[in-house]
Amino acid sequence: MQRLKDKVALVTGSGAGIGESICLRFASEGACVVGMDSNQIEAERVATTINTSGFRAYAQTGDVSKQTDCTRVVKWVISNLGSIDVLCNVAGIVTGGTLLDVSEEIWRRTMDINLKGMYYLCQLAVKEMIRQEGGAIINISSVAGLIGLKNRAVYSVSKAGIIALTKSVATDFIKKGVRANAICPGVIESPSWKERVNTSTDPEKALQDFIDQVPLGRVGKPEEVAALAAYLASDESAFMTGQALSIDGGKTM
Ligand SMILES: NC(=O)c1ccc[n+]([C@@H]2O[C@H](COP(=O)([O-])OP(=O)(O)OC[C@H]3O[C@@H](n4cnc5c(N)ncnc54)[C@H](O)[C@@H]3O)[C@@H](O)[C@H]2O)c1
């Protein structure tokens, strides 16, 4: 399918996991993809994979928690590719602990990367999308933003904030042709998730514990999240905005 033909898509967190899969899927659907990641090597690896497959992608190195990086990347997209039709905010970090464990430094870092970065990029992209009279924003939240997850206090706050940010953008700019939706994944098999399992004191038990949390009896794949993101980025979802969609093997059913 070529549902994103002639669209320019900016995807953050493009160097691994869900962000990488979204870049590959968007490109295979015909989009010109710009992948922004703080890890230059991985961002370039993903862009090269896409280009050698006959699709179109560029890598931009940048930290979403830095306004100067976000501004530079959006300016680059506009001046080199002419528009920004899809913004998919994926970059994020998982920080553990209950409220009692969260230092101010962990709070600040988690909120800066997971939430403030999306505020910067949504603000920059919405301005362009208003000018272009249309655009789609997809923000990756988490089931942690919807329900209580153990030991994920500040992470959950940041992910709930993403849902509120998404709904605000959707509400305020609906008449300008800008749609915004959030995706709330459950456990997804990404490199950082695998590392969390493998570095736990008992990896086999940790893996089983994750699987036991999912009514469907397995963890999800990044490609499954990418398929939903492609639908939300495309005009097929033109009647949908302001939603927070769970993709979680039944965790929040
Ligand atoms: N994997 C899961 O189980 C799961 C579940 C729910 C939500 N999510 C969310 O999905 C998103 C991606 O998670 P994942 O597990 O696929 O990713 P990951 O941790 O495997 O990869 C994240 C990518 O984001 C990049 N990144 C991190 N901080 C950045 C920053 N400040 N600026 C730019 N790039 C940055 C990393 O370099 C990396 O390439 C995150 O927002 C995460 O919270 C993941």
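Parameters and conventions
Residues numbered from 1 in each chain as written. Predicted model: local features only at pLDDT ≥ 70, side-chain atom pairs only at ≥ 80, totals over all residues. Heavy atoms only, no water. Helix = DSSP H or I, 4+ residues; strand = E, 2+ residues; numbered from the N terminus. Buried < 20%, exposed > 50% of the residue type's maximum accessible area, 1.4 Å probe, protein only. Axes fitted to C-alpha atoms, helices over the stretch in contact; angles between N-to-C directions. Parallel < 35°, antiparallel > 145°, perpendicular 65-115°, else oblique. Left-handed = near helix turned anticlockwise from the far one by under 90°. Contact = heavy atoms within 4.5 Å.

Peer 1: Sorry, what's going on with unusual backbone geometry here?
Peer 2: Keep in mind that most residues, glycine aside, have a negative phi and that most peptide bonds are trans. With a phi angle near 70°, aspartate 6 is a residue other than glycine that sits in the positive phi range. You can see aspartate 6 is positioned in the segment before strand S1 (8-12). Phi angles above zero are rare outside glycine, and asparagine 151 is one such case at about 60°. Looking at the secondary structure, you find asparagine 151 in the loop between strand S5 (135-140) and helix H5 (153-173). Using a relative accessible area of 41% as the deciding quantity, one classes asparagine 151 as partly exposed.

Peer 1: Help me out: how do you make sense of the packing of helix H3 (residues 67-81) against helix H4 (residues 104-132) in this one?
Peer 2: Geometrically, a packed helix pair is captured by the angle between its two axes and the distance between the axes. Relative to each other, H3 and H4 sit at 30°, their axes nearing to 9 Å. Viewed along their axes, H3 and H4 adopt a mutual orientation that is roughly parallel. Here H3 runs over H4; the crossing is right-handed. Contact residues: Gln67, Cys70, Thr71, Val74 and Ile78 in H3; Gly117, Tyr120, Leu121, Leu124, Glu128 and Arg131 in H4.

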